[in-house]
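Each chain is listed here by its residues.
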Amino acid sequence: MQYGICNLALVPLRSEPSDKSEMLSQLLFGDSFIILNTTEKWVNIKTSADEYAGWIDSKQYLPIDEESYGKMKNIRTLGPVFAQTVRKGSSGELIHLAAGSSIPIEHRGSFNLGRETYFYDSDLVFGEAANFQQQVIDYARFFLNAPYLWGGKSVFGIDCSGLTQVVYKMLDISLRRDAWQQAGQGEVVNFLQEVKPGDLAFFDNAEGRITHVGIMINENQIIHASGRVKIDPIDDQGIYSLDLKKHTHKLRIIKRYVS
């Protein structure tokens, strides 16, 4: 078995081994994975956190051994602060990291990925899960006005399930990558009136397939990525777009992940 880790701020995960291929998702710094197959230019991987498979450029990761791979379970996740930085020990180069990136917990002020040592200042802001219902909304609001990007997971571009996954990751809660997968997790909330901040609402298309997800602020408002990350009203019919002045997403189910 071979293993790797993302050692860049963001790396596209593609459906096929081609620069022109669809971006399915993104790896954030510190995301580890199992290597399934390799070509001269491309690496087929399966991510550790959500078992998502795809292809990355062979120049955009760092090979690690099984021991280092196992240590990646002991991490802290960067919180909602723009472009936190770490410094490569070998070159002194800075890497500007996105919210939701993973930092191994080894020594105060430094950590290792494979043979590379990275240094960071003690003022890095990590996500905290102490007060879920308050923090989940604050963390979601950090992404407000981020443009919609299919497969994206940062303030520079994010999709609906990328938003929910990264926000929950900062709160030490693991979600699958796609909306329909996330809908298979958690416990059902029967009525909008029973919603708590941080519950996820899912929406389906005409064929009944779940295609959209957002984070409930309260029983009347939702934050979601549609065109951009924004806050819209929600009722029993679904999301009412303030931009388009009409209902745009039909409510299917609401799920809770923290009791």
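Each chain carries its own residue numbering, running from 1 in the direction its sequence is written. Reporting of local features is limited, given that this is a predicted model, to residues whose pLDDT is at least 70; pairs of side-chain atoms are given and counted only at 80 or more, and all residues count toward the totals for whole chains, interfaces and linings. Think of the side-chain values as coming from all heavy atoms in the structure, minus any hydrogens and water.

1. A few points about the overall build of the chain
- Within the chain one finds four helices and 22 strands.
- The C-alpha radius of gyration computed for the chain amounts to 19 Å, which stays within 12% of the reference 18 Å derived for 259 residues, consistent with globular compactness.
- Taken over the C-alpha atoms alone, the chain extends approximately 55 × 40 × 30 Å along its principal axes.
- Burial classes: relative accessible area under 20% of the type maximum marks a residue as buried, over 50% as exposed, and values in between as partly exposed (1.4 Å probe, protein chains only). Relative to its full complement of 259 residues, the chain shows a buried share of 49%.
- Contacts are residue-level and defined by heavy atoms, with any inter-residue pair within 4.5 Å sufficient. When contacts within the chain are restricted to residue pairs at least 6 apart in sequence, long-range pairs at least 24 apart make up 55% of them.
- Areas reported here follow the Shrake-Rupley algorithm with a probe of radius 1.4 Å; residue values treat only the protein chains shown as occluding. Here the chain displays about 12500 Å² of accessible surface, and carbon together with sulfur accounts for 48% of that area. In DSSP terms, a helix is any run of H or I states spanning at least four residues, a strand is any run of E spanning at least two, and both are numbered starting from the N terminus. Radius of gyration means the value over C-alpha atoms here, while the globule rule gives 2.2 Å times the residue count to the 0.38 power.

2. Considering the environment of Asn190
- By secondary structure assignment, the location of Asn190 is in the loop between β16 (187–189) and β17 (200–204).
- Residue Asn190 is classed as exposed on the basis of its relative accessible area of 57%.
- Taking the C-alpha atoms as reference, Asn190 lies 8.0 Å from Ile253; in sequence the two are 63 residues apart.

3. Overview of the packing of helix α2 (residues 132–141) against helix α3 (residues 160–170)
- For helices, the fitted line uses only the C-alpha atoms of the stretch in contact; every axis is such a line through C-alpha atoms, and the angle between N-to-C directions lies from 0 to 180 degrees. Where α2 contacts α3, the two axes come as close as 10 Å, and the packing angle between them is 130 degrees. One element, α2, and the other, α3, form an angle in the oblique class. Crossing hand, α2 versus α3: right-handed. Across the interface between the two elements, Phe132, Val136, Tyr139 and Ala140 of α2 pack against Val167, Tyr168 and Met170 of α3.
- Only Asp, Glu, Lys and Arg are considered charged in this grouping, and only Ala, Val, Leu, Ile, Met, Phe, Trp, Tyr, Cys and Pro are considered nonpolar; every other residue, Gly among them, is considered polar. When grouped by side-chain class, the residues that make up the contact of α2 with α3 number seven nonpolar, no polar and no charged. For this classification, under 35 degrees means roughly parallel, over 145 means roughly antiparallel, 65 to 115 means roughly perpendicular, and everything else is oblique. Crossing chirality is assigned from the near helix's rotation relative to the far helix, an anticlockwise turn below a right angle marking it left-handed and a clockwise turn marking it right-handed.

4. Structural notes on the nonpolar core
- In this structure, Val136, Phe143, Val167, Tyr168, Leu200, Ile215 and Val229 are the most contacted members of the largest nonpolar core, which totals 32 residues.
- Broken down by secondary-structure element, the contributors of at least two residues to this core are α2, α3, β17, β18 (210–218) and β19 (221–226).
- Looking at this core element by element, the count peaks at six residues for α3.
- With residues near it in sequence (within four places) discarded, Tyr168 still touches Phe132, Val136, Ile173, Leu175, Gly198, Asp199, Leu200 and Tyr257. Nonpolar cores were defined as sets of buried Ala, Val, Leu, Ile, Met, Phe, Trp, Tyr and Cys residues, with membership established by side-chain atoms within 4.5 Å.

5. A word on the environment of Tyr148
- One can find Tyr148 in the loop between α2 and β14 (153–154).
- Through-space distance from the C-alpha of Tyr148 to that of Val229 is 6.9 Å; in sequence the pair is 81 residues apart.
- Ignoring any residue separated from it by four or fewer positions in sequence, one finds Tyr148 in contact with Ile158, Asp159, Cys160, Ala225, Ser226, Gly227 and Arg228.

6. Thoughts on the packing of aromatic side chains
- Pairing of aromatic rings covers Phe, Tyr and the six-membered ring of Trp, with a centre-to-centre limit of 6.5 Å; geometry is then stacked below 30 degrees between planes, edge-to-face above 60, and tilted otherwise. If you walk through the whole model with that rule in mind, you get ten aromatic pairs.
- Aromatic pair Phe29 and Phe111: ring centres 6.1 Å apart, planes at 75 degrees, arrangement edge-to-face. Remark: Phe111 occurs in strand β12 (residues 110–113) and Phe29 occurs in the loop between β3 (23–28) and β4 (32–38); sequence separation between them is 82 residues.
- Three or more aromatic residues joined by ring pairs make a cluster, and in this case those are Phe29, Phe111, Tyr118 and Tyr120.

7. Quick word on the side chain of Asp31
- By the secondary structure assignment, Asp31 is in the loop between β3 and β4.
- Polar contact is the term for a pair of N or O atoms within 3.5 Å; when the atoms are in protein, one must be able to donate a hydrogen and the other to accept it, and sequence-neighboring residues count only if both atoms are side-chain atoms. In terms of polar contacts, Asp31 uses its side chain to reach the backbone amide nitrogen of Leu28, at 2.8 Å.
- Engagement of the side chain of Asp31 in a polar contact is seen with the side chain of Lys169, the distance being 2.9 Å.
- Not counting chain neighbours up to four residues away, the residues in contact with Asp31 comprise Gly4, Ile5, Cys6, Gln26, Ser102, Lys153 and Lys169.

8. Examining the sheet that holds β12
- The sheet built from four strands is open, its strands ordered β10-β9-β13-β12 with antiparallel pairing. The open sheet terminates on both sides in strands that have one partner only, identified here as β10 (94–97) and β12. Going across the sheet, the axis of each strand differs from the next one's by a mean of 35 degrees, ignoring polarity.
- A pair of strands is labelled paired if DSSP reports no fewer than 2 bridges between them. For strand β9 (residues 84–88) and strand β13 (residues 116–119), the ladder comprises two bridges, and the chain directions are antiparallel. The partner of Lys88 across the bridge, within β13, is Tyr118.

9. Description of the pairing of β17
- β17 sits mainly inside the fold: five of its five residues count as buried.
- Here β17 hands over to β18 after five residues, with Gly208 in that stretch at a positive phi of 85 degrees.
- Note that β17 and strand β22 (residues 246–256) share five bridges and pair antiparallel. Considered in β22, the bridge of Asp204 is made with Lys250.

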